[in-house]
Amino acid sequence: MKNIPLITYFLIIATTLQLLFVLVIYKRNKISLTSENLDVIIHTEENDEGILKAPFRIVQIGPPRTGSTFQFQLLDAIVSLKSPDDVEIETVFVRPREWDVEEIRGKIANNTSFVIKTHFEHRSLKRLQKRGDIAVFASSTDVAPYAVYNQDRKRLEECTLCEIDRYQPLFGLTNEEVKSLKLHMDLYSSLRQCCGEQMSKYETLRLNGCDVSMYMDRSDYPKCEDKDLEKIELQFAASPIPFKPNNPEINWSKPGDCDRFNKVIASGRGFNGRDVSSCEIDGKFAGKKEYKKKRKLETVPPSDSEDTSEDTAVLTSVTSAIKRKTNRLMAPPWLSKYIQFHRSSIEEGRIKEGIRYVVYECTGEELCGGIGDRVIGMVKALYFAMCTDRVLLINAPYPVPLETILNPNLMEWNASFSENTTAIFDDMAYGKRISSRLDLVGYRLGRTNGHHSYRLSDILKSEAMRLHFESNGWSKFFDSESMFVARAFHDAFWALFNFDQNVLLRAEEMKLGSGLPQSNLPGNEVLPYVGLHHRGGDRTMFTVKKGVKAPRMSSRFVKSKETLSCYNTVKYLLFPRDGVVPAAAYVASDNADSKKMMREMDSTIHFHDEMQIFHIDWSVREGTVKKDKHNTDSIQQGVIDMMAEIVVLVDSHCLIMSKSMFSFLAYYIRGPDDQCNVSTSHCNEINVLRRSNLFAYESGDKISPELSDKTLRKRFFKARGKLRKKKHYFWK
C-alpha cells in the first residue's frame, strides 16, 4: 500500500464519490425517464409493481393538436384502473392564468389524486417533479424534455394502441389491464376523431362535402366513413373504465352525440365552431381559420320552432368561467347513478309509464321566492327525489318559462307528464318525515322554500338519504365533505342546468358595457375582476306590527362601508401595486343609489348603467310599482338581466358575498373549491388568501363556515407556505 502513488488514492476517492453522486441522482429522479430509455425498460425489465403508485399526481402537458387529449384521457383511465375504489380522482383542464402552484401543493399535502391537463409549460412543473411531488407527461418532445414520458406524435399516428404498451412498466399494468385499456382507448379514439367539434380535420372536410381522397393514404386519416359510430357509442358508454366528458358542448359525452355533432359540422362548421369556408387545410385545422373580432353582442330572440342546442354548441367565445365549471363537473357516484336513472326514465320527451316521479312547481299560485330561493328549491327537490327513488320534473313557467334562463343539462327535467297528476303534498315541510309514497306514481311538491321548509342540509343528512347511501354501498361518503351543502348544491346545479345563450350574451354585454379593464391582446378579454354583491334591503321580508311596517330580519341588511372595506382587503392582498393588472370590481345590487355611491367612493368599481334592477318575486307581485302583467317583454328582459348579473359574479376571479341568496347562488354555482370566495361578515386576510371557503347559507341564515375555524386555519397555514412573500397573485 505504501508503494501506491498518492494520485491513485485521489482517483479512487473521486470515482467512489462520482458513483455515489450518480446513485443519489438516480434515486431522486427515479421517474424522470425519456421515451428513449423507456424503450429499454420495456424490453429488458420485469416490473410488475410499476414506478408510479397511488396516490397519483399527474400533470399532462402539450400544445393543442399534438395528441394531448389522447394522452390525457389515457392517463385518466390508467389512474382510475390503478387507484382504490374509494379514492376520488380530480380530473381538470387548467388554463395559463388559472395555474396556481400553491393549489397544487395543497392537493399534494392532502394526498389528493389528480390528473391535470394544460397546454402551457409552467416553471414550477420541473421543480415539483424533481422533488418527486408530481409526474409530468408530455405529448410533445419540445414542451417539457424533463417529462416522465414524451409522447411521439408520428409514432402515435402510426400505431395509436401501441402507445399504451409504453405505459405498462411505468404503472405496473397487468396484461389484462393493458388489454382493457386498448379496447377502451380504441373506442375513445374513434369517437374523438369522428365526433365533436374537435374531430379530425379530414373528417371535418369530408362532412362539409370536400374531396378527401388525396388524404386517405395518410397514417392519421381516421376512416370515419367505414365505422359504425352508433355501435361504437354504445360500446364505449358500457366500458367498465370510467369516462369523464371533457367540454360536452363541443366534444362527445353520450350516445347520440355523433349524429348531433355531424349535423353541426356539415352545416359549415369546423374546429371549435370556426367557419369552414374552403376545402384547404390551414396547418392543423380544416378550412379557413377565423380570428375573433370585437363586436357588439346581440340578444337572439327565442323561437318555438328553432332548436338552439346546436347554436349553443358553437358559442365558444362568449363564456369563460361558466364553461370551465361545466367542463370540470365530475359528478359523485350517487349523482351519476341518479342521472343514469333519470335518463333511462324519459323517452321522446315524456316520462315512461309506471316510473315514479315528483314535480317541482312555480306557476304563480304559490310563493316561489327570489331566484336564489327558487334554484335552491329545485336543488332540494332533486335530492328529495334521489332519496325517494323518483324522477324529478320541473314545471316553472312563472313569471316566464324557466327555459328562458336555464336549460336542461344532464337531465331532461322538462319532460311532460300526465295531466291527471293533481295530488299535492307538502313533503318539504320541516319536521315531516320524508316518505317514498309508494302508493302514488306521481305527485306535485308543495312549497320548497321558506323557514317552514326543510333546509338542503336537512335533506342531505336525513334518514332517507342515509338509507339510500347504505343500500348503494356509499356509507363512507355520507358524512364526508362531498355532502357539504356548497359542494352538493354545485354538483346538483350543473347536473340540472346550463345557462341559456341569451343570458350568456347579456352577461358579456354587461361586462363590456360596465367599463371593466380589458386586455390589449387579440380578443380584448376582460382582465381579472372582483365580483361584488351589495344588499341594500329586502322589500319581500316585511311584517306588520301594530300598524308599523318593520323588517322581519334586519340582519340581511349590509352597510355599503362593510362591502367597500372587504373589497379594499381583497384589493390589497390580491392585486399587485405595480399596476400591470389594475384592480377592478363589478358590483350587483338591489339598490341603484348604493351602486352609484360606491362608484363615487371608489372609481375601480363598475356596473352596467342600463341594467334593469329586477327581483323575480316582488317585481311581478301585487302592490309593487313594477307590477305590469301585460308588459311581458319587460318582465322577460328583467329576468334575463337578473340571471346575467349572476353569471358576471360567477365569472369573477374573487367573489364577495352579502347576506343574500342572490350572491350565494353565484357562490354555489361557481363552486367552493379552488375559488376566491369570501363573505362580508367573514372578510379577513386568512379567508381571502385561503380561497376555498365552505359556507352553508339559505335565506335568513347567519353566515357560517361548514368547517370549524380551527380546521380551516390549519388547512390554510398548511397550504399557504410563503404565499405572500413570493407575491403570488391569484390569477397566476
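Residues numbered from 1 in each chain as written. Predicted model: local features only at pLDDT ≥ 70, side-chain atom pairs only at ≥ 80, totals over all residues. Heavy atoms only, no water.

Q: Help me get a handle on unusual backbone geometry, residues and values and all.
A: The linkage connecting A54 with the following residue, P55, adopts the cis geometry, with an omega of -5°. As for its placement among the helices and strands, P55 is situated in the loop between α2 (35-44) and β1 (57-61). Put simply, Y398 and P399 share a cis peptide bond, and its omega is -5°. Looking at where P399 falls in the secondary structure, it is placed in the loop between β11 (391-395) and β12 (406-408). In this structure, K223 is a non-glycine residue whose phi angle is positive, near 55°. Looking at the secondary structure, you find K223 in the loop between α10 (201-207) and α11 (229-237). Look at D389: it is not a glycine, yet its phi comes out positive at around 55°. Secondary-structure assignment places D389 in the loop between α16 (371-387) and β11. (Helix = DSSP H or I, 4+ residues; strand = E, 2+ residues; numbered from the N terminus.)

Q: Which residues make up the state of the cysteines, and what values do they have?
A: Scanning the entire structure with this criterion turns up 7 disulfides. Between the sulfur of C159 and that of C162 lies a disulfide, 1.9 Å long from S to S. Note on the C159 and C162 pair: the S-S dihedral is about 65°, so by sign convention the disulfide is right-handed. We classify C159 as partly exposed; its relative accessible area is 27%. C654 shares a disulfide with C676; S-S distance 2.0 Å. Of the two residues, C654 is situated in strand β21 (residues 654-657) and C676 in strand β22 (residues 676-679); the sequence distance between them amounts to 22 residues. With respect to burial, C654 and C676 carry one shared label: buried. (Disulfide = S-S within 2.5 Å. Buried < 20%, exposed > 50% of the residue type's maximum accessible area, 1.4 Å probe, protein only.)

Q: Break down the environment of A592 for me, with residues and values.
A: Mapped onto the fold, A592 is located in helix α22 (residues 592-601). As a C-alpha pair, A592 and F607 span 15 residues in sequence and 9.9 Å in three-dimensional space.

Q: I'd like a description of the packing of aromatic side chains, backed by residues and values.
A: The geometry of an aromatic ring pair is captured by the separation of the ring centres together with the interplanar angle, meaning the angle of the planes. Following the criterion strictly, the structure yields 32 aromatic pairs and no others. Centre to centre, the rings of W334 and F477 are 5.5 Å apart; their planes meet at 50°, and the pair counts as tilted. Pair noted here: W334 is in helix α15 (residues 333-344) and F477 is in the loop between α18 (463-471) and α19 (485-496), with a separation of 143 residues, a long-range link. Owing to a relative accessible area of 2%, W334 belongs among the buried residues under this scheme. Under the relative-accessibility criterion, F477 is labelled buried at 12%. Consider the rings of Y667 and Y668, whose centres lie 5.2 Å apart with planes at 45°: the pair is tilted. Accessibility assignment for this pair places Y667 and Y668 in one class, buried. Above the plane of the ring of F425 lies R437, whose end atom (NZ or CZ) is 3.8 Å from the centre. Cation over ring: K461 sits above F478, and NZ or CZ is 5.3 Å from the ring centre. (Phe/Tyr/Trp six-rings, centres within 6.5 Å; stacked < 30°, edge-to-face > 60°. Lys NZ or Arg CZ within 6 Å of the ring centre and 35° of its normal.)

Q: Account for the packing of helix α9 (residues 175-194) against α11, naming residues and giving values.
A: Orientation of α9 relative to α11, taken along the N-to-C sense of each, is 130°, at an axis distance of 10 Å. In terms of orientation, α9 and α11 fall into the oblique class. Between α9 and α11 lies a crossing of left-handed hand. Where α9 approaches α11, its residues H184, L187, Y188, S190, L191 and C194 are matched on the opposing element by L229, I232, E233, Q235 and F236. Tallied by class, residues from the contact of α9 with α11 come to 7 nonpolar, 3 polar and 1 charged. (Axes fitted to C-alpha atoms, helices over the stretch in contact; angles between N-to-C directions. Parallel < 35°, antiparallel > 145°, perpendicular 65-115°, else oblique. Left-handed = near helix turned anticlockwise from the far one by under 90°. Contact = heavy atoms within 4.5 Å. Nonpolar A, V, L, I, M, F, W, Y, C, P; charged D, E, K, R; others polar.)

Q: Lay out the confidence of the model for the protein chain in plain terms, naming residues and giving numbers.
A: The predicted model of the protein chain averages 78 in pLDDT, with 75% of residues at 70 or higher. Taken together, the stretch residues 538-555 has pLDDT below 50 and engages in 22 contacts with residues farther than four places along the chain or on a different chain. This stretch, residues 722-732, has a pLDDT under 50; its non-local contacts, to residues over four places away or in other chains, come to 34 contacts. (pLDDT = per-residue confidence, 0-100.)

Q: Would you mind going over the nonpolar core in detail, with residue names and values included?
A: Within the largest apolar cluster, 94 residues are counted, with the highest numbers of intra-cluster contacts made by I371, Y383, L392, I405 and F499. With 12 residues, α16 is the largest single contributor of residues to this core. Judged by nonpolar contacts, the second largest core, of 37 residues, contains I58, V115, F137 and Y167. (Core = buried A, V, L, I, M, F, W, Y, C linked by side-chain atoms within 4.5 Å.)

Q: Account for the side chain of R444, naming residues and giving values.
A: You can see R444 is positioned in strand β14 (residues 442-445). The exposure class assigned to R444 is buried, which follows from its relative accessible area of 14%. Setting aside residues no more than four positions away along its own chain, R444 makes contact with V359, E361, N395, F417, T421, T422, A423, I424 and F425.

Q: So what's going on with α19? Residues and values would help.
A: Helix length check: α19 (12 residues) gives 16 Å between terminal C-alpha atoms against 16 Å at 1.5 Å per residue, within 8%. When you tally the buried positions in α19, you get 12 out of 12 residues, the bulk of the element. Those residues of α19 lying buried are V485, A486, R487, A488, F489, H490, D491, A492, F493, W494, A495 and L496. (Expected span 1.5 Å × (residues − 1).)

Q: Please set out the packing of helix α4 (residues 101-109) against helix α5 (residues 123-130) residue by residue, giving values where relevant.
A: α5 packs onto α4 with a crossing angle of 25° between their chain directions and a minimal axis gap of 11 Å. What the angle tells us is that α4 and α5 run roughly parallel. In the crossing of α4 with α5, the sense of the turn from one axis to the other is right-handed. Packed against α4, whose contacting residues are V101, I104 and R105, the element α5 presents S124, R127 and L128 at the interface. Tallied by class, the residues present in the contact of α4 with α5 amount to 3 nonpolar, 1 polar and 2 charged.

Q: How would you sum up the sheet that holds strand β4 (residues 135-138)? Please name residues and give values.
A: The strand order across the open sheet built from 5 strands is β2-β3-β1-β4-β5, with neighbouring strands paired in parallel fashion. In the strand order of this sheet, the two ends are held by β2 (89-93) and β5 (149-150), each with one partner. Note: β2 against strand β3 (residues 113-118), 5 bridges, orientation parallel. Residue pairing for β3: V92 is matched across the bridge by I116. (Pairing = 2+ DSSP bridges.)

Q: How would you explain α5 if you had to name every residue and give the values?
A: Buried within α5 are the following residues: S124, L125, L128 and Q129. On an axial view of α5, the arc spanned by its buried residues comes to 130°, and they lie on one face. In α5, the exposed residues that point more than 90 degrees away from the buried face are R123 and K126. Contacts from the buried residues of α5 go to β1, α4 and β4. Phi turns positive, to about 85°, at G132, one or two residues after α5. (Arc of directions from axis to C-beta.)

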